[in-house]
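Here's the letter readout for the chains.
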Amino acid sequence: MKRGRLPLTALRSFEVAGRLESFTLAAEELFISQAAVSRQIRELEQLLGQPLFERRHRSVLLTGSGRQLLAVLTPSFDQIDESLEDIRGASMSADLKVSVEPSFAACWLVPRLPEFRKRHPDVEILLDADPRTIEFRTGQAQIAIRHSATVAAWPRTESRHLIDVRSVPVIASDLLARGPPISSPHEIFAYELLHEETRDAWSRWFEAAGIMPETAKGPVYADDGLVLQAALRGQGVALLDEAFAEEEIKAGRLRQLFDLAVPNGAYWLVARSFDRLTPPAADFARWVTESFHKR
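As the structure is a computational prediction, the values presented were derived from the model and not from experiment.

1. Some points on helix α7 (residues 200-208)
At step 1: Buried within α7 are the following residues: Trp 202, Trp 205 and Phe 206. Viewed along the axis of α7, the buried residues span an arc of 95°, placing them on a single side of the element.

Listed below in structure tokens is the structure:
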């Protein structure tokens, strides 16, 4: 097929749908209707004379031909995107969009951003607190910080380890001062337990302490940032990442009850390619990494 007759619009729709394995998500990324995505892929299949997707009731799967075509298109579009960003970045301001897990943003990054701003006053941070995986395409963040209990790498990206997550029990100092003393793990049950996402973390901590846990009651919050706020306001005992609780413990607002910690994955610095970061993104990556490695 001659280059001038390549069905570029249909190929773009197919690449996004194949990469995401969803016509619906492809439509969202491309800002067109799902019907338009489906129509363009149908036209491409008719041109090729064979199906690229296996249509199921609520999902689509790539056929062998679809996987073959996607393996060529995704890196090709990525290279085009990177080249355009390189050219565009040469004339842009020093704005840096960073995608960060909400709890990491609230508990660690935001309190320390003035330090980064002092070292790099020309870099303007655009902070996107979002836990969803991104692929660093045009309009998305240039660099991200992600938490995972098990994963150390994400598709079509590079990742660098920042810090292992170790959760420790903490309580507001003023709550402990007016409440029952805690000298052994089972005495924690005198207070309400604060949970993040599920009640599993406390069960693991009590098991590590050699205690058969009682029914884990207490409020469940969406992320550590909310748990931290609840703990600071004296609403109960929380299991918090040591890195998140560190400054509050140093300031005397929180008290760490015991040294026993339970592991909960790690935080990772993620980028499409660390060698191709813009200068502001490279400065940010260096600063975050140094902040943890000098601990």
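2. Concerning the pattern of salt bridges
At step 1: A complete count under the given rule lists 15 salt bridges for this structure.
At step 2: For the salt bridge of Arg 12 with Glu 15, the shortest nitrogen-to-oxygen distance reads 2.9 Å. Within this pair, Arg 12 and its partner Glu 15 are both found in helix α1 (residues 8-20), separated by three residues, close to a single helical turn.
At step 3: Overall, Arg 12 belongs to the partly exposed group, its relative accessible area being 27%.
At step 4: Between Asp 78 and Arg 272 there is a salt bridge; the shortest N-O distance is 3.8 Å. Highlighted residues: Asp 78 in helix α4 (residues 64-89) and Arg 272 in the loop between β11 (262-271) and α10 (279-293), separated in sequence by 194 residues. Of the two residues examined, Asp 78 and Arg 272, each falls in the buried class.
At step 5: Taken together, the salt bridges that share partners define one network made up of Arg 12, Glu 15, Arg 19 and Glu 29.

3. Things to note about the pairing of β11
At step 1: Of all ten residues that make up β11, seven are buried, and the element is covered over most of its length.
At step 2: In terms of strand pairing, strand β5 (residues 143-148) meets β11 through five bridges, oriented antiparallel. Across the sheet, residue Arg 146 finds its bridge partner in β11, namely Trp 268.
At step 3: Bridge analysis of strand β6 (residues 158-172) against β11 gives eight bridges, and the strand direction is antiparallel. Counted as the bridge partner of Ile 163 is Tyr 267 from β11.

4. Regarding unusual backbone geometry
At step 1: Positive phi values are uncommon outside glycine, yet Glu 21 reaches one of about 55°.
At step 2: Following the sequence through the fold, Glu 21 ends up in the loop between α1 and α2 (23-30).
At step 3: Note on Glu 21: relative accessible area 45%, which makes it partly exposed.
At step 4: One non-glycine residue, Glu 197, lies in positive phi territory at about 70°.
At step 5: Relative to the assigned elements, Glu 197 resides in the loop between β7 (193-196) and α7.
At step 6: The exposure class of Glu 197 is exposed, given its relative accessible area of 56%.

5. A word on the pairing of strand β3 (residues 95-100)
At step 1: Alignment of β3 against strand β4 (residues 124-129), held across six bridges, turns out to be parallel. By the bridge assignment, Leu 96 is partnered in β4 with Ile 125.
At step 2: Across three bridges, β3 lies against β5 in parallel orientation. Its bridge partner being in β5, Val 100 is matched across the sheet by Ile 145.

6. A short note on helix α5 (residues 102-119)
At step 1: Here α5 is 18 residues long and its end C-alpha atoms lie 24 Å apart, about the 26 Å a rise of 1.5 Å per residue gives.
At step 2: Of all the bends found along α5, the most pronounced is centred on Leu 109 and spans about 50°, while Pro 111, a proline, follows it within four residues.
At step 3: By the burial criterion, the buried members of α5 are Ser 103, Phe 104, Ala 105, Cys 107, Trp 108, Leu 109, Arg 112, Leu 113 and Phe 116.

7. A word on the packing of aromatic side chains
At step 1: Taken as a whole and assessed by the stated rule, the structure comprises 17 aromatic pairs.
At step 2: Geometrically, the ring pair formed by Trp 108 and Trp 287 is tilted, given 5.8 Å between the ring centres and 50° between the ring planes. Here Trp 108 is found in helix α5, whereas its partner Trp 287 is found in helix α10, with 179 residues between them in sequence.
At step 3: Judged by relative accessible area, Trp 287 falls into the buried class, the value being 1%.
At step 4: Between Phe 284 and Trp 287 the ring centres are 5.8 Å apart and the planes differ by 50°, which places this aromatic pair in the tilted class. Taken together, the residues Phe 284 and Trp 287, both in helix α10 and three residues apart, mark about one turn of the helix. Each member of the pair Phe 284 and Trp 287 is classed as buried.
At step 5: Here the aromatic cluster, defined as three or more aromatic residues joined through ring pairs, consists of Phe 104, Trp 108, Phe 116, Phe 244, Tyr 267, Phe 284, Trp 287 and Phe 292.
At step 6: A cation over a ring is seen here: Arg 160 above Phe 274, with NZ or CZ 3.9 Å from the ring centre.

The rules behind each value
Residues numbered from 1 in each chain as written. Predicted model: local features only at pLDDT ≥ 70, side-chain atom pairs only at ≥ 80, totals over all residues. Heavy atoms only, no water. Buried < 20%, exposed > 50% of the residue type's maximum accessible area, 1.4 Å probe, protein only. Helix = DSSP H or I, 4+ residues; strand = E, 2+ residues; numbered from the N terminus. Arc of directions from axis to C-beta. Salt bridge = Lys/Arg side-chain N within 4 Å of Asp/Glu carboxyl O. Pairing = 2+ DSSP bridges. Expected span 1.5 Å × (residues − 1). Bend = angle between axes of the 7 residues up to and from the residue. Phe/Tyr/Trp six-rings, centres within 6.5 Å; stacked < 30°, edge-to-face > 60°. Lys NZ or Arg CZ within 6 Å of the ring centre and 35° of its normal.

The values reported here are purely geometric and, on their own, carry no functional implication.
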